[in-house]
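Descriptive analysis of the structure
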Amino acid sequence: MKENLKTDKLSYILKQIQDWPLTTGLSDMELASLTRIYIAFHNMVVVGDLEKEFGNREFYCQRIEGLYALCNERLNDLQSSLEKRIPLIYTLYQLLLNPTLCTVDREKQQRCDTLAYETVMDYLQEVSVGRLAERPKMEFEMCRLIAELCCNLDEEEREEEEMMFYFRKKLTTWVDSLVNGNHWSGVSNLAAMQRLFILCRNSDMFLDTTYDSEIRRVREYYSKQVLFTDKNDISAYQTIALFYEINLGVCAVQEAPVFIQRFAGLMQQGGYTFPPKSEEQLFCLAWAAEGMCRQHLTCCYNLL
């Protein structure tokens, strides 16, 4: 019964998002959300052999390729601002690297790396000469892109990169500004989760344990409030989504299904909070789909 209910909910989300045309009229948020949805369904279908339930894997491959083309075309516009380019390149990386059991096109990856490197260096130059004022969202987007770009470099080469000096300085600044070693004063929950996300990326992707104790304390502090804040605007759901990503890697095996189910339920409720066909609704549906696809795949494994 429960398994049928999960299948019905996922089929409902899939039906809703298939009405979103893959056109140049998509906003950047819609592009990122559709990326998350189609990769989540693709990976569930491929790994769980669920084509009968959710459709042919080729359909998802075509959607992912279509989104890649749109994202790539948008990045070809050299007039786009750094603020727009940075998250778009991150989306491009997801489309290229995150589909499971797909061969990575090395030429496309080289393009991603080149775009990312040039954009990061442009950003650092603009900040250093005072032409660009940093804001919390931009700091987060920049550090997330740096982690993606540098994660496959060997340690010696990585630590010599100018962008890693920037990355390390941000981590130190954030940790040094913690109040009582577990939270930030005057910082929104969204900005706090962005900082914690990057600290976790540093630990997971670079195998750096320097801030692990701070990560545990900060996560514990915010876990008592993030899921319970008023959910009246999209920033609340963006905060919850980051909290979900942060916690996936630390949940005990026996706790993970409960946590994922709760998260997917919250994001599905968010889908009803915002106007139909809005980018905010799509954002919530994307994260609900991600959680439910992960949960559905876990259930399939448990039935083996």
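These lines cover the structure that appears in this document, whether it is placed above or below. (Residues numbered from 1 in each chain as written. Predicted model: local features only at pLDDT ≥ 70, side-chain atom pairs only at ≥ 80, totals over all residues. Heavy atoms only, no water.)

1. Things to note about the overall build of the protein
- Check the secondary structure of the protein and you find 14 helices and zero strands.
- A compact globule built from 304 residues should have a C-alpha radius of gyration of about 19 Å, and the protein, at 19 Å, falls within 12% of that.
- Counting only C-alpha atoms, the protein reaches 55 × 45 × 40 Å along its principal axes.
- Taken over 304 residues, the protein has a buried fraction of 50%. (Helix = DSSP H or I, 4+ residues; strand = E, 2+ residues; numbered from the N terminus. Rg over C-alpha atoms; globule rule 2.2 N^0.38 Å. Buried < 20%, exposed > 50% of the residue type's maximum accessible area, 1.4 Å probe, protein only.)

2. A short note on the pattern of salt bridges
- According to the stated counting rule, one finds 15 salt bridges in the structure shown.
- One salt bridge connects E141 with K137, and the closest N-O pair in it is separated by 3.1 Å. With E141 and K137 both in helix α7 (residues 136–150), this residue pair falls four residues apart, about one helical turn.
- Residue classification places K137 among the partly exposed residues on the basis of a relative accessible area of 44%.
- Note that E214 and R217 form a salt bridge whose closest N and O atoms lie 3.9 Å from each other. Of this pair, E214 and R217 both sit in helix α11 (residues 212–223), separated by three residues, roughly a single helical turn.
- Its relative accessible area of 16% is what places E214 among the buried residues.
- Residue classification places R217 among the partly exposed positions, given a relative accessible area of 36%. (Salt bridge = Lys/Arg side-chain N within 4 Å of Asp/Glu carboxyl O.)

3. Overview of the packing of aromatic side chains
- All told, the structure shown has 16 aromatic pairs when counted by the stated rule.
- Ring geometry for Y38 against Y60: centres 6.4 Å apart, planes inclined by 50 degrees, an arrangement best described as tilted. You can see Y38 sitting in helix α2 (residues 28–48) and its partner Y60 sitting in helix α4 (residues 57–75), a full 22 residues away along the chain. Considered together, Y38 and Y60 belong to a single accessibility category, that of buried residues.
- By the ring-pair criterion, three or more aromatic residues cluster together here, those being Y38, F41, F54, F59 and Y60.
- Its guanidinium or amino end placed over the ring of W184, R195 lies 5.3 Å from that ring's centre, counting from NZ or CZ. (Phe/Tyr/Trp six-rings, centres within 6.5 Å; stacked < 30°, edge-to-face > 60°. Lys NZ or Arg CZ within 6 Å of the ring centre and 35° of its normal.)

4. Remarks on helix α10 (residues 189–205)
- The terminal C-alpha atoms of α10 lie 24 Å apart, and with 17 residues this matches the ideal 24 Å at 1.5 Å per residue to within 8%.
- Burial within α10 is extensive, with 14 of its 17 residues counted as buried.
- One or two positions beyond α10, positive phi appears at L207, with a value near 55 degrees. (Expected span 1.5 Å × (residues − 1).)

5. As for α7
- Taking 1.5 Å of rise per residue, 15 residues should cover 21 Å, and α7 covers 21 Å from first to last C-alpha, within 8% of that figure.
- Burial analysis of α7 places 13 of its 15 residues in the buried class, which makes it a mostly covered element.

6. Points about the environment of P276
- Mapped onto the elements, P276 comes out in the loop between α13 (256–273) and α14 (279–303).
- Here the alpha-carbon distance between P276 and Q16, two residues 260 residues apart in the chain, equals 9.8 Å.

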